[in-house]
Amino acid sequence: RGLNPLERRILEWVELCTKRNPRPGGDATVLAFARARNIGLQRARRGFTELERSGRLVGHGLGSRRVFSLP
């Protein structure tokens, strides 16, 4: 399946965060993305969840401290 515009923005943002901060996922959290892109937290969470389920993102950690990186 193709990516929707939100999912493309998430992947671009996670890539930028990963380059900026070398530890896994850097500071790429759902909350940080929602604030940076001025979108709702639930909408952002759904996008991250779909990308993780499809294997395009890898999550590290649990709960609100969960950070994401590209596989």
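Up top is the structure these notes are about.
Residues numbered from 1 in each chain as written. Predicted model: local features only at pLDDT ≥ 70, side-chain atom pairs only at ≥ 80, totals over all residues. Heavy atoms only, no water.

## Focus: the nonpolar core
- Ranked by size, the top nonpolar core spans 16 residues in total, and within it Ile10, Trp13, Val14, Phe33, Phe48 and Leu57 carry the most contacts.
- Elements supplying a minimum of two residues to this core: α1 (5-20), α2 (30-37) and α3 (41-53).
- Here this core gets 6 residues from one element, more than from any other, and that element is α1. (Core = buried A, V, L, I, M, F, W, Y, C linked by side-chain atoms within 4.5 Å. Buried < 20%, exposed > 50% of the residue type's maximum accessible area, 1.4 Å probe, protein only. Helix = DSSP H or I, 4+ residues; strand = E, 2+ residues; numbered from the N terminus.)

## Quick word on the pattern of salt bridges
- Counted under the stated rule, the structure contains 4 salt bridges.
- Put simply, arginine 53 and glutamate 50 hold a salt bridge, and the shortest N to O gap is 3.6 Å. With arginine 53 and glutamate 50 both in helix α3 and 3 residues apart, the pair spans about one turn of that helix.
- Assessed through its relative accessible area of 68%, arginine 53 is described here as exposed.
- Overall, the relative accessible area of 33% leaves glutamate 50 in the partly exposed class.
- In this structure, glutamate 52 and arginine 66 form a salt bridge, with 2.4 Å as the shortest nitrogen-oxygen distance. On the criterion of sequence distance, the pair formed by glutamate 52 in helix α3 and arginine 66 in the loop between β1 (58-60) and β2 (67-69) is long-range, its members being 14 residues apart. (Salt bridge = Lys/Arg side-chain N within 4 Å of Asp/Glu carboxyl O.)

## Here's the deal with the packing of aromatic side chains
- Evaluated as defined, the whole model comprises 3 aromatic pairs.
- Seen in terms of ring centroids, tryptophan 13 and phenylalanine 33 are 5.4 Å apart; in terms of plane orientation they differ by 70 degrees. Their pairing is edge-to-face. Highlighted residues: tryptophan 13 in helix α1 and phenylalanine 33 in helix α2, separated in sequence by 20 residues. Exposure class is identical for tryptophan 13 and phenylalanine 33. Each is buried.
- Measuring from ring centre to ring centre gives 5.6 Å for phenylalanine 33 and phenylalanine 48, while their planes differ by 70 degrees; the resulting arrangement is edge-to-face. Highlighted residues: phenylalanine 33 in helix α2 and phenylalanine 48 in helix α3, separated in sequence by 15 residues. Each member of the pair phenylalanine 33 and phenylalanine 48 is classed as buried.
- Three or more aromatic residues link up through ring pairs in this structure, and these residues are Trp13, Phe33, Phe48 and Phe68. (Phe/Tyr/Trp six-rings, centres within 6.5 Å; stacked < 30°, edge-to-face > 60°.)

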